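Each chain, written out:
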Amino acid sequence: MECYHHMGPHRGSLEDQFPAALSYTGEVGDYFTTMWSQQAPATRGAAVPHAGRRDAEPEHHHKSLIFIGYPLLQIAMGPAYMYWLKTLPIEAGKIELQLDICMSPAALAAPGVEERRSQLVKTICDIHREDIDACTAVQRAVRSGVSSTGRLSHLERPLWEFYRYLGRELGIINATSTLASTG
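> In this structure, what is going on with the overall build of the protein chain? I would like to understand it.
Summing up its helical and strand segments, the protein chain has 4 helices and 6 strands in all. The N-to-C order of helical and strand elements in the protein chain reads β-β-β-β-β-β-α-α-α-α. A burial count over the protein chain gives 38% of its 183 residues as buried. Counting contacts in the protein chain only where the partners sit at least 6 residues apart, residues at least 24 apart contribute 49% of the total. Accessible area for the protein chain stands at about 11000 Å²; split by element, carbon and sulfur atoms hold 58% of it.

> What's the story with the confidence of the model for the protein chain in this structure? I'm lost.
Detailed reading of the predicted coordinates is not advisable wherever pLDDT falls low. Per-residue confidence for the protein chain averages 78 on the pLDDT scale, and 80% of its residues sit at or above 70. Looking across the protein chain, the model is least confident in helix H4 (residues 179–182), with a mean pLDDT of 47, and most confident in strand E4 (residues 73–77), with 92. Within the model, the stretch residues 1–7 combines pLDDT values under 50 with 28 contacts to residues more than four positions away or in other chains.

> Before we go on, may I ask you to explain the packing of aromatic side chains in this structure?
For any pair of aromatic rings, the description consists of the separation of the ring centres together with the inter-plane angle of the planes. One pass over the full model with this rule turns up 5 aromatic pairs. Linked through ring pairs, Tyr31, Tyr70, Phe162 and Tyr165 together constitute an aromatic cluster. One residue, Lys63, lies across the ring of Trp36, its end atom 5.3 Å from the ring centre.

> What exactly am I supposed to notice about helix H3 (residues 157–170) here?
One full turn of an α-helix is made of 3.6 residues, so residues set three or four places apart face in the same direction. With 14 residues, H3 ought to run about 20 Å at 1.5 Å a step, and its terminal C-alpha atoms sit 20 Å apart, in line with that. For H3, the set of buried residues is Pro158, Leu159, Trp160, Glu161, Phe162, Arg164, Tyr165, Gly167 and Arg168. Count one or two residues on from H3 and you reach Gly171, which has phi positive near 75°.

Here is what the cut-offs are and how they apply
Residues numbered from 1 in each chain as written. Predicted model: local features only at pLDDT ≥ 70, side-chain atom pairs only at ≥ 80, totals over all residues. Heavy atoms only, no water. Helix = DSSP H or I, 4+ residues; strand = E, 2+ residues; numbered from the N terminus. Buried < 20%, exposed > 50% of the residue type's maximum accessible area, 1.4 Å probe, protein only. Contact = heavy atoms within 4.5 Å. Areas by Shrake-Rupley, 256 points an atom, 1.4 Å probe, with all protein chains shown as cover. pLDDT = per-residue confidence, 0-100. Phe/Tyr/Trp six-rings, centres within 6.5 Å; stacked < 30°, edge-to-face > 60°. Lys NZ or Arg CZ within 6 Å of the ring centre and 35° of its normal. Expected span 1.5 Å × (residues − 1).

Structural data, given as structure tokens:
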């Protein structure tokens, strides 16, 4: 798959609870990008397991941190869960995805754990299915020859950072290029 996860809207899976407008890019480096996704106040307490660490900073009770380690690892952490997605190349055009999910001890001990666990797995799978479908559509449009390159939205900065990583690794762009110099 030639497309990589970005933080743009996920209309079917996340937009109602974690709207793109409340998401932002955090720290970035040569080999990683971090993103924050904040839950909409009106949906707090719905679907996503919230029984997390009681000593967590209040600002983190309704946020998820997404860490992308280039080129093959994604980790997402919320107040009561974390998961990591490994992308393993098999051959040209084929990958294997491995997904591991953990829930906090408090989330596992809270009433209704089976329902919340099932909902968490479904939500994570829905998010990544939506990403795969979007990437497939983009690749279809690119191969059609009727599309052209253009600017990315501010929500796609992590994608831009990944493209910069690829450019450095492939020797296409200078390792010291800055945001201003690469346009």
